[in-house]
Amino acid sequence: MSLTLRIRAAAVTAVGLAACIGPATAHAAVGVQHVQATMAELGGNGDGLVAPGESFSLTERIRHADVAPQLTHVVGSLDYDSGVVVEGGRRFVPDAGAPLVTLANSVSGYPNMAAGGESDNQSAFTGTLSAAADCGVSLNFVLGVTTDQGNAQVPFTVPTGAVGPSLARESADVPVTVPDLTTASSDLQINAPGRVKGVAVHIGSLQHSRTGDVKIELVSPGGTSVVLVNSRGDNGQDFTNTTFSDSATDSVAGASAPFTGTYRPEEPLSKLAGRIQQGTWKLRVTDQQGTHTGQLNSWGIDLSSAVCSGRPIATFTATPNPVLPGSAVQFDASESTDPDGTIAKYEWDLDGGTDFEVDGGTTPTLSHTFATRGNRAIRLRVTDDEGNQSISTVSLSVTQPPVAALDASPASPLTGDSVTLDAMDSVDPDGEAIARFEWDVDGDGNFERDTGTTGATLAQWATSGTKTVRVRVTDVDGATDVANLDVVVRNRPPSASFTGPSPAVVGRVATFSAAGSTDDDGQIVKHEWDLDGNGTYETDTAGIADVDHTFGASGSVTVGLRVTDDQGGTDTTTLVVTVTQAPVAAYTATANPTSLHRAVAFDASASSDPDGSIARYEWDLDGDGSFETDTGTTGSTSRVYDAGGTFDTKLRVTDDAGAQTVLDIPVVARNLAPTAALAVTPAPTTAGQAVTMDAGGSGDADGAVVRYDWDLDGNGSYETTTKTVPTHVHTYPNAGRFAIGVRVTDNDGGVATATRSLVVGTASHPAGSGGTTTPGGTGATNGGGAGGGSNPTAAFVASVTGTPLQRLSAVVSRGLRVGCRANRASTCRIRVELPRPGGRRVVVARATIVLHRSGVRSVRVRLVPAARRVLRTSSTATLLVRGTVRGQGASTRVFRAFLLRR
């Protein structure tokens, strides 16, 4: 048999390796990992275990974990770490002259290793375990590795011994209170020598009102601490029959409170392997937050000692435990073992002395009676056929068990009632007080509630039925007794409640709702109704809480409801309903349709009540569903609508019995459009003459005109506004026919338009013939008419032409489009002026246009840069063109204005 340890460890590079294997090999580090160590018995007694004083062989498997493609000429040199870590970082050497391990063969080769490859040493490392070593001690080694590519040091640990039987040990140092923000500790004494091979922790009961505050640690006699659980379970409560074991399937980190069952701890208990077991073990419980407290009531450990060749294992049980004074206890040590032979003798210490006064020989059982009460430490010593011995101890309680008693008040409660469970009549025949009361209130077999020395507790049940409760009492010696009691919990009847119309109206559906009925411990399964007041519940709506009914005559009816719950409990209630005739609603709205800002008269005088009188008129005049106007007993009112639309008006009449009727009439309110009127004077007019536009004759029948907008160039765009002023004065610089429009807007947004046509003639000039128009000519600005042909004997007529309204951006980028017209060959010299503030005019361009015969010639006149910069920042502008036209001995001055817009 061999002892195998498999550990995946990180590579350890060589630091100072030359001091171990010589300076010639101290060069570059390589990555080598420990994989597995196998120690086997070499000679010895043949039981396969390496016992103290026996020789061993050791195989160490390593892995090439570096980037180098291959390690060559691999040699391992084994060294024993001269100290052994025993507890808490302290090193222990039993005899400085006799180390725990003496190596015989410490050097071995390894085969060449490819990257990622594993290999065992080619020849076994050998050595001897000191006879002074403890069985189960952990041995620390370092393997120095040299290769052509570099060196490494690989540390590893090999345990000794096999796992012995698991012995359960319970702490007597309980109960222990766990205050807020405090660490409480409970001790457990282990007297047997040896080393730990395996350990599990069992917590029988740790009460704490918030497990999320709790940290629990197991501390070995040498001070090594293992955290079992730390801040788990949030607001949950208690650890009950909780076991922590490395072999558990579920981790405590993923569990929920209350913690019951077996869990893997936060830290592995294997940290304790190889540690000394003899001494005081501690369970340390820390409350890490305020407000909540707890109490540790019971705990213990299942401890497996390491066993080696030649050492028997003593173990036994005591039944019953506790036991009555004068009653026999059966001690059974048949589970004791000897790994390499047989047990030759069983000896017993029954009086707590230093001697084993009872020699049982080879019989593993013993019966004994204790006459007096008390706690006793019973010891067993076994001796094997080679004379090796082992001792085991069990605590025995000799006591009169307590007698549990249980009562409940009230004995037959309703669901939800508080019940007092009273066990104060429980007694201990030994004359001691009861030390502990535990309760199973929900009948699941677990005593989930611990009230300490308080012998009463409160309980309540949400459902009816027979509830079995139990109390377990424990005396000061740890003896227990259980009392059972059946509590018959009665069904709490439902509560009937319903609502209905007040009053109900003849011929109309009346809805009665039992939604307010309740059942605290179940549900209502049946609703039965008496709708005609005869005392019989003739209408069954089962589980439906509402019912509809139509009354055929007026009067007073007592409506009844009976509800039944799922346990057969019932309850009834009634409601007196007044049944009346409905009032008749009638009203008119005058005028309808109506114009805005005019009052609409509402008249409900035609409303009536067949069996009484109208007591109240309420109106919803804006159609929002709310009857915001209450005129009491007056059946008329009025409303002015300031916005257009259709309003669903309503009248609600209430009679003297409270019955109501609603009627609705749609009312249409709309704005009357204004009327537009326009007068233009003078008309016709001439270019440059002021023209007055007057829209003062406009009006609005249901309001007022609040805005006047003007279209002065006939393009359909009302680009000029005079706001509330109904007149506007404008001068047209050029001759032509213009459509002038006005748009009027009233105070409700209604609009109307009016247009007039205006003829603008050419102003006469003294030059030439004074502006006489030749036959066939057309009107022109500042110079008379243009001739129909070139006639030197006719009057000389010339003018500036061009579109009077031009796009500002086009003029800035390409120039002003302007022309010259004359009735003979002529030369036109013109200048373009930009009016500026203060009456100044700046010349921004000059041009000469030559006409070789009568007619028109147009050009683009480019403006100077300064003028273009000014116009780029403007939204509108006016350019004036002035000049002189000369032709065949005659001349005339010309003028034209151009409006520029974006």
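Residues numbered from 1 in each chain as written. Predicted model: local features only at pLDDT ≥ 70, side-chain atom pairs only at ≥ 80, totals over all residues. Heavy atoms only, no water.

### Notes on the overall build of the chain
Check the secondary structure of the chain and you find three helices and 69 strands. Whereas a compact globule of 902 residues would reach a radius of gyration of roughly 29 Å, the chain reaches 58 Å, over 25% beyond that. With the C-alpha coordinates of the chain rotated into their principal frame, the extents come out at 170 × 110 × 40 Å. When burial is assessed residue by residue, the chain has 43% of its 902 residues classed as buried. Once local pairs closer than 6 in sequence are excluded, the contacts in the chain between residues at least 24 apart make up 65%. (Helix = DSSP H or I, 4+ residues; strand = E, 2+ residues; numbered from the N terminus. Rg over C-alpha atoms; globule rule 2.2 N^0.38 Å. Buried < 20%, exposed > 50% of the residue type's maximum accessible area, 1.4 Å probe, protein only. Contact = heavy atoms within 4.5 Å.)

### So, the environment of Val487
Its location among the elements puts Val487 in strand β38 (residues 480-489). Using a relative accessible area of 1% as the deciding quantity, one classes Val487 as buried. Expressed as a C-alpha distance, the spacing of Val487 and Asp711, which sit 224 residues apart in the sequence, is 100 Å. Setting aside anything within four residues of it in sequence, one finds Val487 in contact with Ala408, Ala411, Pro413, Trp461, Gly465, Thr466, Lys467 and Val469.

### A look at the sheet that holds strand β33 (residues 419-422)
Pairing is antiparallel in the open sheet, where three strands are placed in the order β32-β33-β36. Two strands close off the open sheet at either side, each with one partner strand: β32 (407-409) and β36 (456-459). Ignoring which end each strand starts from, the neighbouring axes of this sheet average 25° apart. (Pairing = 2+ DSSP bridges. Axes fitted to C-alpha atoms, helices over the stretch in contact; angles between N-to-C directions.)

### Points about the packing of aromatic side chains
Any pair of aromatic rings gets described here by the distance separating the centres and the angle formed by the planes. Counted by the stated rule, this structure contains 16 aromatic pairs. Here Phe316 and Trp348 contribute two aromatic rings whose centre-to-centre distance is 5.3 Å and whose plane-to-plane angle is 90°, an arrangement assigned as edge-to-face. Highlighted residues: Phe316 in the loop between β24 (294-307) and β25 (317-319) and Trp348 in strand β27 (residues 343-349), separated in sequence by 32 residues. The two residues Phe316 and Trp348 agree in class, both being buried. What links up through ring pairs into an aromatic cluster is the set Phe498, Phe512, Trp529 and Phe551. Sitting over the face of the ring of Tyr641, Arg639 holds its NZ or CZ atom 5.2 Å from the ring centroid. If you follow Arg652 out to its NZ or CZ, it ends over the ring of Phe627, 4.1 Å from the centre. (Phe/Tyr/Trp six-rings, centres within 6.5 Å; stacked < 30°, edge-to-face > 60°. Lys NZ or Arg CZ within 6 Å of the ring centre and 35° of its normal.)

### A look at the sheet that holds β27
Here we have four strands laid out as an open sheet, ordered β28-β27-β30-β31, and antiparallel in their pairing. Edge positions in the sheet fall to β28 (358-361) and β31 (389-398), since each has one partner strand and no second. Here the average twist between neighbouring strands, direction ignored, is 20°. Taken together, the 10 bridges between strand β30 (residues 374-384) and β31 define a ladder with antiparallel strand orientation. The residue bridging Asn375 from the neighbouring strand is Ser397, located in β31.

### Remarks on unusual backbone geometry
Pro410 follows Ser409 through a cis peptide bond whose omega is -5°. Within the element layout of this structure, Pro410 appears in the loop between β32 and β33. Each neighbour pair has its own omega, and for Asn592 with Pro593 the value is 5°, a cis peptide bond. Tracing the sequence through the fold places Pro593 in the loop between β46 (588-590) and β47 (594-595). The residue His73 is not glycine, and still its phi comes out positive at about 50°. Overall, His73 belongs to the exposed group, its relative accessible area being 60%.

### Things to note about the pattern of salt bridges
For the coordinates displayed, the defined rule picks out 30 salt bridges. A salt bridge links Asp713 to Arg901, with the nearest nitrogen and oxygen atoms 3.6 Å apart. Here Asp713, found in the loop between β57 (705-711) and β58 (720-723), pairs with Arg901, found in strand β69 (residues 890-901); they are 188 residues apart in sequence, far enough to count as distant. Arg901 sits in the partly exposed class, given a relative accessible area of 24%. One continuous salt-bridge network, built from bridges that share partners, spans Arg373, Asp430, Glu432 and Asp477. (Salt bridge = Lys/Arg side-chain N within 4 Å of Asp/Glu carboxyl O.)

### Considering the confidence of the model for the chain
The share of residues in the chain with pLDDT of 70 or more is 91%, and the mean pLDDT across the chain is 87. Long-range and interchain partners of residues 764-790, a stretch whose pLDDT sits below 50, account for 51 contacts in this model, where long-range means more than four residues apart. (pLDDT = per-residue confidence, 0-100.)

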